[in-house]
Amino acid sequence: MGMIVKELIDVSLDANDSEDAIKKVGKILFDQGYVKNTYINAVVDREKVFPTGLKLKSTSVAMPHTDSVHVNEPAICVARLNKPVTFCHMGSADNYIQVELIFMMAITDPNKQLDTLKRMMSVFQDDEAALEFTNARDNDELYRIAKKYLN
Amino acid sequence: MKKVKILCVCGSGVVSSSMVASKLKDMLAEHGYLTETVESSPNSIESDLGGNHFDLMVCVSPVYQEYNIPKVSGVGLLTGLGEEEVIEECLEILSKLD
């Protein structure tokens, strides 16, 4: 089962800060019906307590998410920011990083979606794969790349 | 295979801890360990421990309270940076078990 759909890909998202980024990416998921109207605020709140920024070899990503009660259908929204925004690093309270890519997850059952989670982890660990995401020229290309690695 | 039981802790106790758990199972298997994991969050550690024995706790969100179980930070397992160090730290703790 693929969690990557074209409507959830945005290659050029403008955001002022991490909260703005989460709200805008969350709105894409909401507008497409994948999440409930409580999702966005739940993700924003959770990110403050349990940050999801990850510094990779050549870029940095964030994987904001929240509890399944806020989710209708599993999906991943992939967005590349036109200008990086500051996220806090996972597992820390004051290690700030400049995030370029957002993988916002709507998870209903991590056991059922474990394959996708594992594939996402493989992308994080594969510098060339991560760079394909950051170098995508348009939505179509980012969609193809996301499908190739995550579906 | 030696059996070990590891508590994987992340913010919600579902997403990142599942990722860490699958990685730990794969990597520790290469070193001869059969790993059982329980996914948990900082707020539910107490109940997830439930009086059961755990050999190790691998966390991707800070756990400030002490539970009398060795703690290892597992963020490197998600990014791959410092992954070997995380595994070595786990192996060192596990090697001291009976």
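Residues numbered from 1 in each chain as written. Chains lettered and ligands numbered in written order. Predicted model: local features only at pLDDT ≥ 70, side-chain atom pairs only at ≥ 80, totals over all residues. Heavy atoms only, no water.

An unreviewed UniProt entry annotates chain B as PTS fructose transporter subunit IIB originating from Alkalibaculum sporogenes.

The name recorded for chain A in an unreviewed UniProt entry is PTS sugar transporter subunit IIA, from Alkalibaculum sporogenes.

### Here we look at the pattern of salt bridges
So the rule is basically this: Any carboxyl oxygen of Asp or Glu within 4 Å of a side-chain nitrogen of Lys or Arg constitutes a salt bridge here. Under the scheme used here, helices are H or I runs from DSSP no shorter than 4 residues and strands are E runs no shorter than 2 residues, and both carry numbers assigned from the N terminus. Between buried and exposed lies partly exposed: a residue is buried under 20% and exposed over 50% of the maximum accessible area for its type, with that area taken using a 1.4 Å probe on protein chains only.
Applying the stated criterion to the full structure yields nine salt bridges over all chains. Here A:Lys23 ties to A:Glu19 by a salt bridge, and the two come within 3.1 Å at their closest N and O atoms. You can see A:Lys23 and its partner A:Glu19 sitting in helix 1 (residues 18–31), four residues apart, about one turn around the helix. The class of A:Lys23 is partly exposed, set by a relative accessible area of 37%. The exposure class assigned to A:Glu19 is partly exposed, which follows from its relative accessible area of 30%. Residue B:Lys96 is joined to B:Glu92 by a salt bridge in which the shortest nitrogen-to-oxygen separation is 3.5 Å.

### A look at the pairing of strand 4 (residues 75–88) of chain A
Residue and element names in this part refer to chain A. Applied cut-off: The criterion for strand pairing is that DSSP finds at least two bridges linking the strands in question.
The buried fraction of strand 4 amounts to ten of the 14 residues, a majority that puts the element mostly inside the structure. Of the strand pairs in this sheet, strand 1 (residues 9–13) and strand 4 are connected by three bridges, and their pairing is parallel. When the sheet's bridge partners are listed, Ile9 is paired in strand 4 with Val78. Direction of pairing for strand 4 relative to strand 5 (residues 96–106): antiparallel, over a ladder of ten bridges. Each residue of the ladder has a partner; that of Ala79, found in strand 5, is Ile102.

### What about the packing of aromatic side chains?
Residues and elements named next belong to chain A. The test is simple: Between 30 and 60 degrees the pair is tilted, below 30 it is stacked and above 60 it is edge-to-face, where a pair is any two Phe, Tyr or Trp rings, Trp via its six-membered ring, whose centres lie within 6.5 Å.
Scanning the model with the defined rule gives three aromatic pairs over all chains in all. Residues Phe103 and Phe124 carry aromatic rings whose centres are separated by 5.5 Å and whose planes lie at 70 degrees to one another, so their mutual orientation is edge-to-face. You can see Phe103 sitting in strand 5 and its partner Phe124 sitting in helix 3 (residues 114–125), a full 21 residues away along the chain. On the numbers, 6.0 Å between centres and 40 degrees between planes, the contact of Phe133 with Tyr149 is tilted. Highlighted residues: Phe133 in helix 4 (residues 127–135) and Tyr149 in helix 5 (residues 139–150), separated in sequence by 16 residues.

### Regarding the sheet that holds strand 2 (residues 33–40) of chain B
Strand pairing in a sheet relies on backbone hydrogen bonds. The paired strands run either parallel or antiparallel. Residue and element names in this part refer to chain B. Let me state the cut-off plainly: Axes here mean lines fitted to C-alpha atoms, for a helix over just the part in contact, with angles spanning 0 to 180 degrees between N-to-C directions. In what follows, a contact means two residues having at least one pair of non-hydrogen atoms within 4.5 Å.
Across the sheet, four strands lie side by side as 2-1-3-4; this open sheet has parallel pairing. One side of each edge strand has no neighbouring strand; the edge strands of this open sheet are strand 2 and strand 4 (71–73). Within this sheet the neighbouring strands show an average axis-to-axis angle of 30 degrees, counted without direction. Sheet contacts for helix 1 (residues 15–29): strand 1 (2–9), strand 2 and strand 3 (56–59); angle to strand 2, the most-contacted strand, approximately 170 degrees. Helix-sheet contacts for helix 4 (residues 83–95) involve strand 1, strand 2, strand 3 and strand 4, and the interaxial angle to strand 4 is about 170 degrees.

### Comments concerning the interface of chain B and chain A
So the rule is basically this: Here the quantity called buried area is the total loss of accessible area, with a 1.4 Å probe, experienced by two parts when brought into contact, counted for both. Definition of a polar contact: a pair of N or O atoms within 3.5 Å, with one able to donate and the other able to accept a hydrogen when the atoms are protein atoms, and with sequence-neighbouring residues admitted only if both atoms are side-chain atoms. The residue classification treats Ala, Val, Leu, Ile, Met, Phe, Trp, Tyr, Cys and Pro as nonpolar and Asp, Glu, Lys and Arg as charged. All others, Gly included, are polar.
The partner chain A presents 23 residues to the 20 residues of chain B that form the contact. For the chain B and chain A pair, buried surface summed over both sides reaches about 1800 Å², with 71% attributable to carbon and sulfur atoms. Taken together, the connections running from chain B to chain A amount to zero salt bridges. Counting across the chain B and chain A interface gives six residue pairs in polar contact (both at pLDDT 80 or more). A per-class count over the side of chain B that touches chain A returns ten nonpolar, eight polar and two charged.

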